Amino acid sequence: MIAYEWVVWFILLLPLGAFLVIGLVGRRLPEGGGTIAVGAMTGSFVLSMYVFIQVLQQGGLGGGFIPQTIPGYVWIPSLLPETSIKISLLIDNLSSLMLVLVSFLCLLIFVYSLGYMHEEDGKARYYAEVSLFATGMLGTVSADNFLQLLIFWEIMGLCSYLLIGFWYSKPEAAAAAKKAFLVTRVGDVLFLVGVLVIWNVFGTLSFSEIQGKMASLYPNTLTPQLLTLIPLLLFGGAVGKSAQFPLHAWLPDAMEGPTTVSALIHAATMVKAGVYLTARAFIFLVPLSSAIQPPFTAILVIAAIGGFTTLFAATMAVVNFDIKRVLAFSTISQLAYMFLGLGAGAYTMATEVSRGEAVDSAGYSAALYHLFNHAFFKALLFLGAGSVIHAVHTNDMREMGGLSKPLPITSKAMLFGGLALAGILPFSGFFSKGEILSVTFDAGAANPGFYWLWALGVGTAFLTAFYTFRLWFMTFHGEYRGHDHPHESPRVMTAPLIILAGFTLASGLLAYPMGGFGNLIFSGAPAAGLPLVGIPVQDYLLEGVSMGVAVLGLALAWAVYATKRIPAERFTASRGGAFIHRMLTKRYWIDDAYDAFGRTVVYDAARALDWFDRKVIDGIVNGVGRGGVVVAGGSDQFDRRVIDGAVNAVSLETVRTSLRLRQRQTGQVQSYAWVVVLGIVVVIALVFGLSFLQRWLGGLGR
Amino acid sequence: MSSYGVFLPEAILVATALASAVLGFAWRKRPDLLWAFSVIGTGLAIFVTLDMMGLGVGRALNLSVWPSAVGTQGDFAVELKMRVDTFALFFQLMFEFVAFLAIVASRGFIHADEPHQGEYYALMLLAVVGMMFTAAATDLFVLFLAFETSSLSTFALVAFRKRDKQATEAAVKFFIIGAVSSGIILFGISLIYGIAGTTSIGTTTTDLLVLRNGLTLAGHPEIEPPLIIALVLLIAGFGFKVAVVPFHMWAPDVYQGSPTTISVLLTSASKNVGIVALFRVFLIGLLSVQVDWVATLAILAIVTQTVGNVVAIPQRSIKRMLAYSSIAQAGYILIALAVGAIALQSAPPHTDNAAYVATFGLVGGMLHVFVYGAMKAGSFLVVAGTESRGIPDDIEAYKGLSRRMPFLAFSMLVFLLSLAGIPPLGGFFSKFVLFSSAVNASAFNQWYLALAVSGVLNSALSLYYYARVIWYMYILEPEAGTAKEPVSRSISAAVFIALAIVMLTAVIAVFFFGYLTDAARSFFGF
């Protein structure tokens, strides 16, 4: 039990309060209210630590598991209490850890923002939005049911949209924000459908209640098909949020936002929410009762998408020259590792459960361990990139180089981050990535497909080391190629870098001696009463392989970009090489394909239908009488005159109508809608007021 | 035994609609054929509906087409979540009738060379089908779906003349506010579903009767706030259709901007869809909710009457004036809702007096719906008739109309006097029943007298601006010459039908009153 459990609420309420204060009066405060945001986040972090320490003391360290629901209030009451929808917080080993992680990173990045955003206009807007974001993320990881999780998840999506478009006057930023919002929306809709299906099947949305009802509902209400469908729908949400193939296209563009936002939202926290959701979906993936057939298909889909995306995104990182985009592709790739780990772990576990054997939660722990490590080193890399951009005022690595002299702290910190990302012993990335790959290899015993996924993962490890050090060498090694006078960033920005650099070492070394990373964050074990084997994979051969390829990648980057012994042009010299290079810079034409789909299929279909209606049907009707139209000779004419003419006419007419409408319409419909909303408020007040008045009068009468 | 035969009118209308959409291509040069086809289809549907009501030829000739009472034949509460009872049939007839008037007048109003006439009739008929299903729905979701069917068709109809700036503007407004309202309704339904979704029997349903029984169990004080919010959201969402103040602002713009035959459909039929939805949802589904929403409805009724009448005074456009007047009329109809609810809520179940007052109120409401439909449709049709002769929609242009178009001017005179409630015209009877039901309801709560007083005062107020139109038409000299203008025969015919109903309400009501009482009783389940 957590003493004074109500304080948990303040972890969320402090940043929410900061959002409200800064949003209302931030413009009049010094630094746009940045100090208030930092203060609130400090409070959240202290409280999260308080909760986390208690969880550790009361069992986390000893192998126990403490789920505790912090009661909130009944949101939608129901005549039957068990179906009412409550807003409560859930504290267990996983959520307490996530709370600490999120609040700590938010705090560091808020502090860094004090320096980075110092010269910007609209600071108040920035701090208000990041505070709201912190509320959203903290709420997501501490939600006790799927609906609440979805709500906070959407708050994050909103903040992400607002912050990507922070420089909204820049067209690229506005477009990127819209893209991010729309693409993640596809996933969000799937998630929403998943939540509705869960509600229909279980009549509840709370994690613990669902887990309790699983066995009794299977297989009649909860059919095997539904059991496969539900985690896949939830994973659909995760694919959108965590930018996995095929919904990955938004994340590289999201780099149009301020670098602090990229570090916080698009590397360290929000994109992890998808992984977190998939981890919560383990209650469906691994039902922990041998009576229930686990949804192996769903698990395989998750693992396969993870395995594919990891290599897919890494290849695109190799050719990019934008320092932030390289890191963005790398984020996609590393997130995919986590999904691969979750999938492989779930497969092993599900196999063991169905055989009635002891459960080994290594894959689950490895993925979340990587989440934890990645949050630190990727935040570090982004903040380092921010420091570099702050110094040279460009994102293009071709205009950098030789920056290790003017930026000594940044360059060393980024070296630490790079080593961790590449997975070099003893930095944190080595441990978690190695574990994920080992788990994947071991899952091959149950399903040989995992050997292939393992091969993809190993290939990615090579590419990761390569592009990471390509970035580092291009930025910090050699001669400066730009025209600026770079200088080191202020203390308020370098201090978070130094702290994070320390963590790239510590988060790996601290966790490893304790038997891997929190095996016991897996929430299913106690409920099922199955023995839990908590030993991490320690297959030195496999981990050696993954580090070996990383060293190879590093060496190649050294040869190409530091010593220039192998010229980069050699790779694109052959026709095949040039084609591959072009394919990668074009991002496999997937963005183009989406655009084309939107333009042709949706937009043109609408126009074509309109044209069809106007010309073809009318034409057919007219033409029936005349018959014998000369088709062959007239086809060219037809094409040029009729089709082009119709298309031009239609679009011109549309534009004209909308212009006219706008002139005549200004504000009116909006104000009508406002009146409707206002009217609802007034009528609600009226009903409440009357009902109060009646009681009061009744009281007087009697 | 339920029989799908009760859906014959809807089937006829759907078939006519689909056929006219297709035939629209073939008969592009012959819109008169299209028109005749739609008129015949609608007329046939009315014929069948009347027969089912027991007022038609089949009954008169003693042919037993519908042998058992429609109440049991039309009960599809389980299969389709619909119940075609006497109450539903009345409203269905009403919708068909208004559509019939609008369609008949269309021949004179829509020019022969206008495009898309097939779609015009098809959408109009589909809108009516949506309305008819709304009247029969016994489940919130089915009701919502039917409601949306009619809404979507009317959005498109308003924009039927694509090149008309005013019409497209009106359509955009209508659509946006309509979409907002749909969202509001859906939100209200979802809240109610959340509160009462699982009843004690363990079935998940939003069936209105089950809802009523389920919500009676409400000994839970904590469900009160969300329930109030849900109630208000439903009032707002359906109130949009009815144009209840403060959800009325779109109505004048849209009625003014749409093609006038569509205005007829909107103001006389579409508005009553909102009324029937409010009746169904509030007097059946949510009746047992022990929150003081009844008084709120009464206040909304008074506010709606007053705002509508006051704002109508300065209007120069006839259509706009009629639009505000129709807002006021909706306020009168709301009286029936408030009266029925207070009578049923305040007394222990169904004492004779409560049942009597509730029935009387609902009869008044239905009667007014019917008469209102005729007189409002008629007055808009008169405007359509003048517009089709190029007379602008402005009171100045109506100077001396009695010389130029004597029949239309006379009809307008009758409709306006009836709207104001002058005996012996139809509007007088229906208002009389409505207001006296409010007086009866004062037995339960003396404040209900205010409803009657407000209704009477508002009627007096409305006479001011109705009389001004009459003054322009009959007293002032025409500026554009006194030559008689020919009026399209189809519009005259439609106006004539409406005129006959308004003038003969006293006679019709004798036949009708018994039916309406039955309908009200079966609606309440006495």
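These figures come from a predicted structure and were not determined experimentally.

Considering the overall build of chain A
Thought 1: Of the regular secondary structure elements, chain A holds 26 helices and four strands.
Thought 2: When burial is assessed residue by residue, chain A has 51% of its 702 residues classed as buried.
Thought 3: Contacts in chain A between residues far apart in sequence, at least 24 positions, make up 80% of those at least 6 positions apart.

Examining the overall build of chain B
Thought 1: Helix and strand content of chain B: 21 helices and two strands.
Thought 2: Contacts spanning at least 24 positions in sequence make up 80% of the contacts within chain B whose residues lie at least 6 apart.

A word on the confidence of the model for chain B
All names here are of chain B.
Thought 1: Across chain B, the average pLDDT comes to 85, with 91% of residues at 70 or higher.
Thought 2: Ranking the elements of chain B by mean pLDDT puts helix 4 (residues 70–73) last, at 62, and helix 6 (residues 117–136) first, at 93.
Thought 3: Considering only residues more than four positions removed or in separate chains, one finds that residues 198–204, a stretch of pLDDT under 50, has seven contacts.
Thought 4: Here the predicted complex carries an ipTM of 0.77, next to a pTM of 0.68.

Quick word on the nonpolar core
Thought 1: In this structure, Ala37(A), Leu105(A), Ala379(A) and Leu380(A) are the most contacted members of the largest nonpolar core, which totals 213 residues.
Thought 2: If you tally residues by element for this core, the top one is helix 15 (residues 362–392) of chain A, at 20 residues.
Thought 3: Two domains each donate at least three residues to this core, and these are domain 1 (1–144) and domain 2 (145–562) of chain A.
Thought 4: When sequence neighbours within four positions are dropped, the list of residues in contact with Leu105(A) reads Leu264(A), Ala268(A), Thr269(A), Ala375(A) and Ala379(A).
Thought 5: Formed by 210 residues, the second largest nonpolar core is a distinct cluster that contains Val104(B), Tyr120(B), Leu417(B) and Ala494(B).

A short note on unusual backbone geometry
Thought 1: Geometrically, the link from Val245(B) to Pro246(B) is a cis peptide bond, its omega value of 5 degrees lying close to zero.
Thought 2: Positive phi, normally seen in glycine, also occurs at Ala243(A), with a value near 55 degrees.
Thought 3: Within the fold, Ala243(A) resides in the loop between helix 8 (224–241) and helix 9 (250–253).
Thought 4: A positive phi angle, near 65 degrees, is found at Ala243(B), a position not held by glycine.
Thought 5: Exposure remark for Ala243(B): the 29 C-beta atoms within 10 Å place this residue in the buried category.

Observations regarding helix 19 (residues 449–474) of chain B
Residues and elements named next belong to chain B.
Thought 1: The terminal C-alpha atoms of helix 19, which comprises 26 residues, lie 37 Å apart, in line with the 38 Å expected from a rise of 1.5 Å per residue.
Thought 2: A maximum bend of about 25 degrees is found in helix 19 at Tyr464.
Thought 3: When we look at burial in helix 19, the residues that qualify are Leu451, Ala452, Ser454, Gly455, Asn458, Ser459, Ser462, Tyr465, Tyr466, Val469, Tyr472 and Met473.

Digging into the environment of Gly108(B)
Thought 1: Mapped onto the fold, Gly108(B) is located in helix 5 (residues 86–109).
Thought 2: With residues near it in sequence (within four places) discarded, Gly108(B) still touches Ser388(B), Ser488(B), Arg489(B), Ser490(B) and Ile491(B).

Here is what the cut-offs are and how they apply
- Residues numbered from 1 in each chain as written.
- Chains lettered and ligands numbered in written order.
- Predicted model: local features only at pLDDT ≥ 70, side-chain atom pairs only at ≥ 80, totals over all residues.
- Helix = DSSP H or I, 4+ residues; strand = E, 2+ residues; numbered from the N terminus.
- Buried ≥ 20, exposed ≤ 12 C-beta atoms within 10 Å, placed from the backbone.
- Contact = placed C-beta atoms within 7 Å.
- pLDDT = per-residue confidence, 0-100.
- Core = buried A, V, L, I, M, F, W, Y, C linked by C-beta atoms within 7 Å.
- Domains from an automatic or database assignment.
- Expected span 1.5 Å × (residues − 1).
- Bend = angle between axes of the 7 residues up to and from the residue.

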